[in-house]
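Examining the three-dimensional arrangement
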Amino acid sequence: MITGSCKYLFSTAILICMSSAALFADEVYSINKQGNELYKKGNFDSALKKYDDALLVAPADTFLKMNRGSTLYRLGRLEEADSTYTGTLSVKNKRKQADAYYNLGNIQFKEGDLLMQSGQDGSEKYKSALQHYIAALD
C-alpha cells in the first residue's frame, strides 16, 4: 500500500514526466514548424537544418523524416531522399505511408530521367517508380 507521502512523491514524479513530455513535444513542433515555413519559402538548405535539429530531439519521428526526405528531394540529393523515405515506410498512418510510397516513386522516376539524360538506361528506375506508385494506390 502506498502511504500519503509516497503518493505525493509518485504524483509529483508523474507530473514532472508529463510536463517534460509536453515540453519535448512543443520543442519538436516548434522546430518542425520553422522548417515548414522555410520549405514553403524555398529555403531548402535552412529547412533541412531545422528538420535535422528536430530529429536530434525526436530521432524516431516518421513525419520529421518525411519532411527531411522531401527537402532532400528538392535539393537534388536523391539518394539521401530515397534512403530517408525508405525509412518511413513503417508508419502506421496509411495516408502517410501512401505519401511515402508516392514520393519514393517520384525519386525513382527522377533518377531514371537523370540516367536517360546522361545516355544510360533508366528503365530499372522507372520500373521501381511504377512499383512505388502502385504501392501508394494500394
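Heads up: the structure comes first, above all this text.
Quick look at the structure, then.

Thresholds, definitions, all that
- Residues numbered from 1 in each chain as written.
- Predicted model: local features only at pLDDT ≥ 70, side-chain atom pairs only at ≥ 80, totals over all residues.
- Heavy atoms only, no water.
- Core = buried A, V, L, I, M, F, W, Y, C linked by side-chain atoms within 4.5 Å.
- Buried < 20%, exposed > 50% of the residue type's maximum accessible area, 1.4 Å probe, protein only.
- Helix = DSSP H or I, 4+ residues; strand = E, 2+ residues; numbered from the N terminus.
- Contact = heavy atoms within 4.5 Å.
- Axes fitted to C-alpha atoms, helices over the stretch in contact; angles between N-to-C directions.
- Parallel < 35°, antiparallel > 145°, perpendicular 65-115°, else oblique.
- Left-handed = near helix turned anticlockwise from the far one by under 90°.
- Nonpolar A, V, L, I, M, F, W, Y, C, P; charged D, E, K, R; others polar.

Overview of the nonpolar core
- Core analysis: the biggest nonpolar cluster contains 10 residues, these being L48, M66, L72, L78, A81, Y85, L89, A100, L104 and I107.
- Sorting the residues of this core by element identifies α3 (62-74), α4 (78-86) and α5 (94-117) as the ones contributing at least two each.
- Among all residues touching A81, those that are not within four sequence positions of it are G69, L72, Y73 and I107.
- By size, the runner-up hydrophobic cluster in this structure holds six residues, among which are V28, L55, A58 and L64.

Digging into the packing of α3 against α5
- The contact between α3 and α5 brings their axes to 11 Å, and the two run at 20°. One element, α3, and the other, α5, form an angle in the roughly parallel class. Where α3 crosses over α5, the handedness of that crossing is left-handed. Residues F63, M66, S70 and Y73 of α3 pack against K96, D99, A100, N103, N106, I107 and K110 of α5.
- A per-class count over the contact of α3 with α5 returns five nonpolar, three polar and three charged.

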